[in-house]
Amino acid sequence: MIDPHAPATPGAPPRGAGPGGTCPGLPVKAATGRCLVLAGVFVCAACGLVYELELVALASYLMGDSVTQASVVLSVMVFAMGIGSLVAKRLCCRAAAGFGAVEALLALVGGCSAMALYAAFAWTGDWGGVWEGGSRYLLVAFSLVIGLLIGAEVPLLMELIQRIRRQDAGGAVADLFAADYVGALVGGLAFPFLLLPLLGQLTGALITGTVNAIVGGALVLGLFRQDLTRRGRRLLVVANVVVLGLLASAAVHVDDFERAARQAVYGHDVRVALQTDVQEVVLTGGSDGRPLSLFLDGRLRVSGRDERRYHEALVHPAMRSGPHARVLVLGGGDGLAVREVLRHPGVRRVDVAELDAGVVRLARTDPALSALNQDAYGDPRVRVVNTDAFVRLRQTRDTYDVVISDLPDPGITASTKLYSQEFYGLARRVLAERGRLVVHAGPVASRPRVFWTVDATVRAAGLRTVPYRVGGRDSGFAAGPDRSRGPAGAPDDWGFVLAARTTPVLSLSGAARAAERTRLPGLPPSTLMHPRYAD
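Conventions we followed
- Residues numbered from 1 in each chain as written.
- Predicted model: local features only at pLDDT ≥ 70, side-chain atom pairs only at ≥ 80, totals over all residues.
- Heavy atoms only, no water.
- Helix = DSSP H or I, 4+ residues; strand = E, 2+ residues; numbered from the N terminus.
- Buried < 20%, exposed > 50% of the residue type's maximum accessible area, 1.4 Å probe, protein only.
- Contact = heavy atoms within 4.5 Å.
- Areas by Shrake-Rupley, 256 points an atom, 1.4 Å probe, with all protein chains shown as cover.
- Salt bridge = Lys/Arg side-chain N within 4 Å of Asp/Glu carboxyl O.
- Phe/Tyr/Trp six-rings, centres within 6.5 Å; stacked < 30°, edge-to-face > 60°.
- pLDDT = per-residue confidence, 0-100.
- Axes fitted to C-alpha atoms, helices over the stretch in contact; angles between N-to-C directions.
- Parallel < 35°, antiparallel > 145°, perpendicular 65-115°, else oblique.
- Left-handed = near helix turned anticlockwise from the far one by under 90°.
- Nonpolar A, V, L, I, M, F, W, Y, C, P; charged D, E, K, R; others polar.
- Pairing = 2+ DSSP bridges.

### So, the overall build of the protein chain
Broken down by element type, the protein chain carries 15 helices and 12 strands. Each of the 535 residues in the protein chain was classed as buried or not, and the buried ones make up 53%. Partitioning the contacts of the protein chain with sequence separation of at least 6, the portion at a separation of at least 24 is 76%. With an accessible surface of roughly 22900 Å², the protein chain has 60% of that area assigned to carbon and sulfur atoms.

Next up, the structure:
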């Protein structure tokens, strides 16, 4: 083994190199071997970034607040990579064996991390007590272990590439990092555009682990087998066979696992579960007298028990406060807000801007959901545009009497731009002279800061507001997937903001009533809603 600290002439072959640049103990020429090592770096880097993104995506889905989860995963993983690089210095004297062991372990841990995290959330997420944050602890543990193993790769690969062809340290680092960064680019693009839509989160992680194990094992056993003892080669072969066997077994049973985990999370009456281009959609109930529930990325979006109370309170005050011939619904792909709009005489046109075409398709074709929305999409006055609500407001040149903002909860990080001053400014632009905008602003009682920040932001966009709320005892709109529903039997409430260029005439229906104007001191209008207001 070459002493890595010995001075080296750039481009010089290792000691004892044979004719034609053949390295002792290597089955290929030095140039070919070097290319194979860099190709291995490329693949391993791509796999490492997929593991990282997989943890971020699954944690955001299960625990909400994508900014927090991404920050935890990335910071812990980068820290662990530094520690892993330091620890790997002790393995450089046995770089081939060390790299083979690291890749086998990384393939197993990274490939199974998504299933383990999902299992912990599904079957232990409601334990409480010491394990109340169990899923978060597991997220940190996986980030730490995966980061340690990824960090150990570069020092070992540096030793292996110098084993093939000695060059100055700067050149070797540049070559390795170039392959590493390009591989990270490919892995980062493959995850959202290939693995996630085609394979799903769990299967995608298992396939990535399989590729990682095959490439790592093939690189060591194919190029550097002479650096291993006979016992070392056997152990490495056995380890990789075991890892591949475990990953293959998990892949075979992943559908059954997902079905059981969904039942643990959503109950035993899961009827539809599909991954659209935007999110995971789950329908439960809706048959045999059981109430229908619609979950989007783990969040309860519609509860058949009391969704009517929510949608009546959202739609009717705005519709009864003035002209309503032309209506724009932002979000609301389930068709329930459209159902309430169509109850009013004089409606000539309803435009729906819904990002997820899969939800609209389900609302049209699923018997229980289409029955709940009373086949709203079958009405010829309804037109659907599958686009982001922000983009729709920016691009449209139409004007509307009523704009209904039936969007994800304001406490969810991914929806912050839909509660920004810029967004409400665009909504103001499309309102007709006596037009009204109504916004779902989150629960008043449990998160008053979120509610009043939405109100302040709407006012900052130049609109006059009338906030109001409606209460009930069945949860119909959950803010997050963390199972924290509050005390059993506690009343739930929804807050809304009705806005217009001039002060709107508030016409409330049913249980809706004006919200208490108990302002929080010093609350400014927000240019962009931020999840810190949920504190």
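That shown, we press on.
### A closer look at the pattern of salt bridges
Inspection of every chain in the model, using the stated rule, returns 19 salt bridges. Across the pair Arg271 and Asp366 runs a salt bridge, and its minimum N-O distance is 2.7 Å. Here Asp366 lies in the loop between helix H11 (357–365) and helix H12 (367–372) and Arg271 lies in strand S1 (residues 270–275), a separation of 95 residues in the sequence. A residue is classified by how much of its surface remains accessible, and Arg271, at 32% relative accessible area, is partly exposed. Judged by relative accessible area, which is 5%, Asp366 ranks as buried. In this structure, Asp351 and Arg392 form a salt bridge, with 3.4 Å as the shortest nitrogen-oxygen distance. Pair noted here: Asp351 is in strand S6 (residues 349–353) and Arg392 is in helix H13 (residues 389–395), with a separation of 41 residues, a long-range link. Exposure class is identical for Asp351 and Arg392. Each is buried. Taken together, the shared-partner salt bridges connect Glu307, Arg308, Arg339, Glu340 and Arg343 into one network.

### Describing the packing of aromatic side chains
Taken as a whole and assessed by the stated rule, the structure comprises 11 aromatic pairs. When the ring of Phe177 is compared with that of Tyr181, the centres are 5.6 Å apart and the planes differ by 40 degrees; the resulting orientation is tilted. Here Phe177 and its partner Tyr181 are both found in helix H5 (residues 169–199), four residues apart, which amounts to about one turn of the helix. Relative accessible area serves as the criterion here: at 54%, Tyr181 is assigned to the exposed category. Both rings, one in Phe423 and one in Tyr424, keep their centres 5.7 Å apart while their planes meet at 70 degrees; by these two values the pair is edge-to-face. As far as burial versus exposure is concerned, Phe423 and Tyr424 are alike and both buried.

### Topic: the confidence of the model for the protein chain
Per-chain confidence: the protein chain averages 84 in pLDDT, with 84% of residues scoring 70 or above. Taking the mean pLDDT of every element in the protein chain, the minimum, 48, falls on strand S12 (residues 513–514) and the maximum, 97, on S6. Contacts for the low-pLDDT stretch residues 509–514, under 50 throughout, to residues beyond four places or in other chains number 17 contacts. Contacts for the low-pLDDT stretch residues 526–535, under 50 throughout, to residues beyond four places or in other chains number 26 contacts.

### What to know about the packing of helix H3 (residues 95–124) against helix H7 (residues 230–252)
Helix packing geometry: the angle between the two helix axes and the distance between the axes. For the pair H3 and H7, interaxial distance at closest approach is 10 Å and the crossing angle is 10 degrees. On the basis of their axis angle, the class for H3 and H7 is roughly parallel. Crossing handedness for the pair H3 and H7: left-handed. Contacts between H3 and H7 involve Gly100, Ala101, Ala104, Ala107, Leu108, Gly111, Cys112 and Met115 on the former and, on the latter, Leu236, Asn240, Val243, Leu246, Leu247 and Ala250. In the contact of H3 with H7, the residues fall into 11 nonpolar, three polar and no charged.

### Some points on the sheet that holds strand S4 (residues 299–303)
Reading across from one edge, S1-S2-S3-S4 is the order of the four strands in this open sheet, with antiparallel pairing throughout. A strand with exactly one partner marks an edge of an open sheet, and here the two such strands are S1 and S4. The mean angle between the axes of side-by-side strands here comes to 15 degrees, regardless of whether they run parallel or antiparallel. Of the strand pairs in this sheet, S1 and strand S2 (residues 280–284) are connected by five bridges, and their pairing is antiparallel. Across the sheet, residue Gln275 finds its bridge partner in S2, namely Glu280. Packed onto the sheet, helix H8 (residues 254–266) meets S1, S2 and strand S3 (293–296) and runs at close to 65 degrees relative to S2.

### Concerning the pairing of S2
The two faces of a sheet get side chains in turn, since along a regular strand they alternate between them. Most of S2 sits inside the fold, with five of its five residues counted as buried. Covered by surrounding structure in S2 are Glu280, Val282 and Thr284 together with Val281 and Leu283, the residues of both alternating faces. In sequence, S1 turns back onto S2 through a hairpin of four residues. Across four bridges, S2 lies against S3 in antiparallel orientation. Bridge assignment links Thr284 to a residue of S3, and that residue is Ser293.

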